[in-house]
Each structure stands twice: as structure tokens, then as C-alpha cells.
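Summary of structural features
Each chain, letter by letter, is given below.
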Amino acid sequence: SNSLIINAGMVDKVKKGQAVLSDQGFVGRISVVAKHSARVLLANDINSRVPIIIESSRTRGIMAGNNTNRPKLIHLPPDARVTPSERVITSGHGGVFPPGLPVGVVASVSDGGVGVKLFTNYHKIEFVRIVDFGLNGFINTTEVKPVPREKADKPK
């Protein structure tokens, strides 16, 4: 598999599923967390699936890793017109990542599929950001119980 080990873990509040970014763009997501380290599943790993959108045409799809430098776009609409050099960003679908994270550009379009050149060069990564977009914090999942009227009206 294509992954990185980072020196941040549970003690640093790293959690499974968090997005990992470099200064160039999307790297992958946290797949395993230990006390002082974590494993990052890279976007080009064969197990990686990232909901994307082609920025100029707003065409939605999934970027599927294939253990090469050029992940493929799958589940594109049959009438999708994709051309090389179009920018690919996260779509935000599925709620795992927010929309708009830079992923890469369309590198090739052929009968074999649509290949993406990732913005991040994995061989030159020195530092990454583990980002908690707080998607759990946008919706209050705790139940709010109404206060009975007689208690609400009584002065304290």
C-alpha cells in the first residue's frame, strides 16, 4: 500500500479519517492512529477513493487510487467532457472532506480512463498538516429537552 507514517498520534488529538494536506494540496487521510504516530493512506493508494469535482465543468466523480503516480477518475457521467489540464478539487460529497481542497490536474484522457496528476509530490514531503474540519461540530447531535412552562416562568 502507499502510505506514510507521521509522528503525531492520539496524544496530539489525531483521529482516523482526518484530512492530510501538504503545502501543495491534498495528500490523503488518516487511516490508523497510535499513541504517538499515525498512518496516512495516500490518495494514490489502491484503497483510496476521494469524491472530486472537475472545477471548470463542475463534473463530479470519484478519484480512485491505483498504486501509480496517476490515479484514475471513475463514475464520471457518460456525457462528461474532460480535457487535460483541468483542475481537480474535492467535492465535499460524503462529508469526509470539505469542498475545494486542491487535488491535482487532469493529465490524460483516453479510452483507458482519465488520469490525474496530483499536486503533491510524495517523494518531497517533509511536513504535512492534519486537518480537523470539525464536521461533527456543525450539527448539534445532543437532544435539547424543552423546559416546562411553569419552571420557565418562576423567578429564581
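Residues numbered from 1 in each chain as written. Predicted model: local features only at pLDDT ≥ 70, side-chain atom pairs only at ≥ 80, totals over all residues. Heavy atoms only, no water.

1. Thoughts on the overall build of the protein
When helices and strands are counted, the protein shows 1 helix and 11 strands. When the helices and strands of the protein are listed from N to C terminus, the series reads β-β-β-β-β-β-β-β-β-β-β-α. Buried positions account for 35% of the 156 residues belonging to the protein. (Helix = DSSP H or I, 4+ residues; strand = E, 2+ residues; numbered from the N terminus. Buried < 20%, exposed > 50% of the residue type's maximum accessible area, 1.4 Å probe, protein only.)

2. Things to note about the packing of aromatic side chains
All told, the structure shown has 1 aromatic pair when counted by the stated rule. Centre to centre, the rings of Phe26 and Phe97 are 4.9 Å apart; their planes meet at 75°, and the pair counts as edge-to-face. With a gap of 71 residues between them, Phe26 in strand E3 (residues 26–33) and Phe97 in the loop between strand E8 (87–90) and strand E9 (102–110) connect regions that are remote in the sequence. A relative accessible area of 1% places Phe26 in the buried class. (Phe/Tyr/Trp six-rings, centres within 6.5 Å; stacked < 30°, edge-to-face > 60°.)

3. Some remarks on the sheet that holds E9
Within the closed barrel, the 6 strands sit side by side as E5-E6-E7-E10-E9-E8. Their pairing is antiparallel. For this sheet the average axis-to-axis angle between neighbouring strands, irrespective of direction, equals 45°. Alignment of strand E5 (residues 49–54) against E8, held across 3 bridges, turns out to be antiparallel. Within E8, the position partnered with Ile54 by the bridge is Val88. (Pairing = 2+ DSSP bridges. Axes fitted to C-alpha atoms, helices over the stretch in contact; angles between N-to-C directions.)

4. Some remarks on the sheet that holds strand E2 (residues 19–21)
In a beta sheet, neighbouring strands are held together by backbone hydrogen bonds and run either parallel or antiparallel to one another. In spatial order, the strands read E1-E4-E3-E2-E11; together these 5 strands make up an open sheet with antiparallel pairing. The open sheet is flanked by strand E1 (3–6) and strand E11 (129–131), the only strands paired with a single partner. Each strand axis lies, on average, 35° off the axis of its neighbour in the sheet, ignoring direction. The pairing of E3 with strand E4 (residues 38–42) spans 5 bridges and is classified as antiparallel. Among the inter-strand pairings, Val32 is bridged to a residue of E4, identified as Arg39.

5. Let's talk about the confidence of the model for the protein
Predicted confidence across the protein gives a mean pLDDT of 87, with 85% of residues reaching 70 or more. The model gives residues 137–144 a pLDDT under 50, and that stretch makes 1 contact with residues more than four places away or in other chains. (pLDDT = per-residue confidence, 0-100. Contact = heavy atoms within 4.5 Å.)

6. A word on the pattern of salt bridges
Summed over all chains, the structure comprises 1 salt bridge. Glu55 serves as the salt-bridge partner of Arg87, at 2.9 Å between the closest nitrogen and oxygen. Here the residue Arg87 occupies a position in strand E8, and Glu55 occupies one in the loop between E5 and strand E6 (59–64), the gap between them amounting to 32 residues. (Salt bridge = Lys/Arg side-chain N within 4 Å of Asp/Glu carboxyl O.)

7. Digging into the side chain of Ser22
With respect to the element layout, Ser22 can be found in the loop between E2 and E3. Note on Ser22: relative accessible area 7%, which makes it buried. A distance of 3.0 Å separates a polar atom in the side chain of Ser22 from the backbone nitrogen of Gln24. Among residues more than four places away in sequence, those in contact with Ser22 are Val27, Thr120, Phe127 and Arg129. (Polar contact = N/O pair within 3.5 Å; in protein donor to acceptor, adjacent residues only side chain to side chain.)

8. Considerations on the environment of Pro98
Mapped onto the fold, Pro98 is located in the loop between E8 and E9. Of the residues examined, Pro98 reaches a relative accessible area of 17% and is grouped as buried. With 79 residues separating them in the primary sequence, Pro98 and Ala19 have C-alpha atoms 9.3 Å apart. Among all residues touching Pro98, those that are not within four sequence positions of it are Thr90, Gly92 and Phe133.

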